[in-house]
Amino acid sequence: MLWWLLILAAVPVLFVVLVLFLVWPGAPRRRLRQPFCGRSYAHRGLFGAQQRPPENSLPAFAAAARSGYGIELDVQFTEDRQLVVFHDDTLDRMTPGKGGVSSTPWPVVSALPLAGSGEHAPLFSEVLHAVASANPATPLIVEIKSCYEYRGRYLLELCRAVLAALKHYPGPYCIESFDPRVVRLVRILAPGVVRGQLADSYRNHRRIGTPRVAAYLLSHCFGNLLARPDFIAWCPDKRNWAIRLCAALGAMTVMWTAVPEYDIARLERENDAVIFQWYQAEPKFK
């Protein structure tokens, strides 16, 4: 009888230990992440609500770099494996084209105007050159876009291509993704590169149709088992217990995406870095 009582008493403790093991972020690497802390990052470059210049365009990135901001941007493959800087999975919102970016060849993507402007979606190499020319010390947060249907070899080649392109960038850079598999690959391929886990709230995951269990696991950073990220990039919603735990355990915290109606001063106090859009932030706040 005593043994059963001891086993029953141990179950909650073992459960807590298991959860901690799964959610625990990477060990704090303060020297490596120092160039990224206390900075404001222009979301997809410095662009206005009217898309002039358009988001993720060369003029938007050059303007952000000249203004002294860090930059957050999104990278993915076209059908012919060209690295393009484009946020959405599909072309529909930002261009007159239709269909997935990853299923459209680069010559087609490059011919499509962004938001009715004279700009087009740039190659990653073009963005790196434009930013380095404007301000070679600009810190970059590079999001590697990933979809559920992407599998091993494809993700491996995508991560390798991004890392290869960044080797020649003169400023500091780090990599993030919503996909823990991507962050894990960065951990394996480039352990010296600062890596981050993007996380959205359970509510937002359910809103876009993510199944309940997957929504909970993703929103509560259970993928940290694979990635052991240096930072957690969290949405505007209130932090859940897992995000608070990661911060308490020393993970760098990044907020995405601040807009004018938010309490910017509070966000800057509570986070190590803030990704912003549609207002003039202070380039450095700590």
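The preceding data block contains the structure.
Keep in mind that this is a model prediction, so the values were computed, not measured.

Engineer: Explanation requested: the pairing of strand S8 (residues 252-258) in the structure shown.
Structural biologist: Residues in a regular strand project their side chains so that they alternate between the two faces of the sheet. Burial within S8 is extensive, with 7 of its 7 residues counted as buried. Pairing of strand S7 (residues 231-234) with S8 involves 4 bridges; the strand directions are parallel. Bridge pairing links Ile232 to Thr253 in S8. For the crossover from S8 across helix H12 (residues 264-270) to strand S9 (residues 273-276), the handedness is right-handed.

Engineer: Just checking my understanding: could you explain the pairing of strand S2 (residues 70-77) for this structure?
Structural biologist: Within S2, 8 of the 8 residues are buried, which leaves the element mostly enclosed by the surrounding structure. Side chains of S2 alternate between two faces, with Gly70, Glu72, Asp74 and Gln76 and Ile71, Leu73, Val75 and Phe77 buried alike. The pairing of strand S1 (residues 39-43) with S2 spans 3 bridges and is classified as parallel. Bridge pairing in S2 places Tyr41 opposite Gly70. For the handedness criterion, the β-α-β arrangement of S1, helix H3 (residues 58-66) and S2 is classed as right-handed. Here 5 bridges tie S2 to strand S4 (residues 140-144), and the two strands are oriented parallel to one another. What sits directly across from Ile71, in S4, is Leu140.

Engineer: Just to check I follow, could you spell out the packing of aromatic side chains for this structure?
Structural biologist: Two measures describe an aromatic ring pair: the distance that separates the ring centres and the angle between the ring planes. Inspection of the entire model under this criterion finds 7 aromatic pairs. Taking 4.6 Å as the distance between ring centres and 40° as the angle between the ring planes, the aromatic pair formed by Tyr150 and Tyr154 counts as tilted. Each residue in the set Tyr69, Phe276 and Tyr279 is aromatic and connected to the rest through ring pairs, giving one cluster. When the ring centre of Phe21 is taken as origin, the NZ or CZ atom of Arg228, which lies over that ring, is 5.1 Å away.

Here is what the cut-offs are and how they apply
Residues numbered from 1 in each chain as written. Predicted model: local features only at pLDDT ≥ 70, side-chain atom pairs only at ≥ 80, totals over all residues. Heavy atoms only, no water. Buried < 20%, exposed > 50% of the residue type's maximum accessible area, 1.4 Å probe, protein only. Helix = DSSP H or I, 4+ residues; strand = E, 2+ residues; numbered from the N terminus. Pairing = 2+ DSSP bridges. Right-handed = clockwise from strand over helix to strand, strands pointing away. Phe/Tyr/Trp six-rings, centres within 6.5 Å; stacked < 30°, edge-to-face > 60°. Lys NZ or Arg CZ within 6 Å of the ring centre and 35° of its normal.

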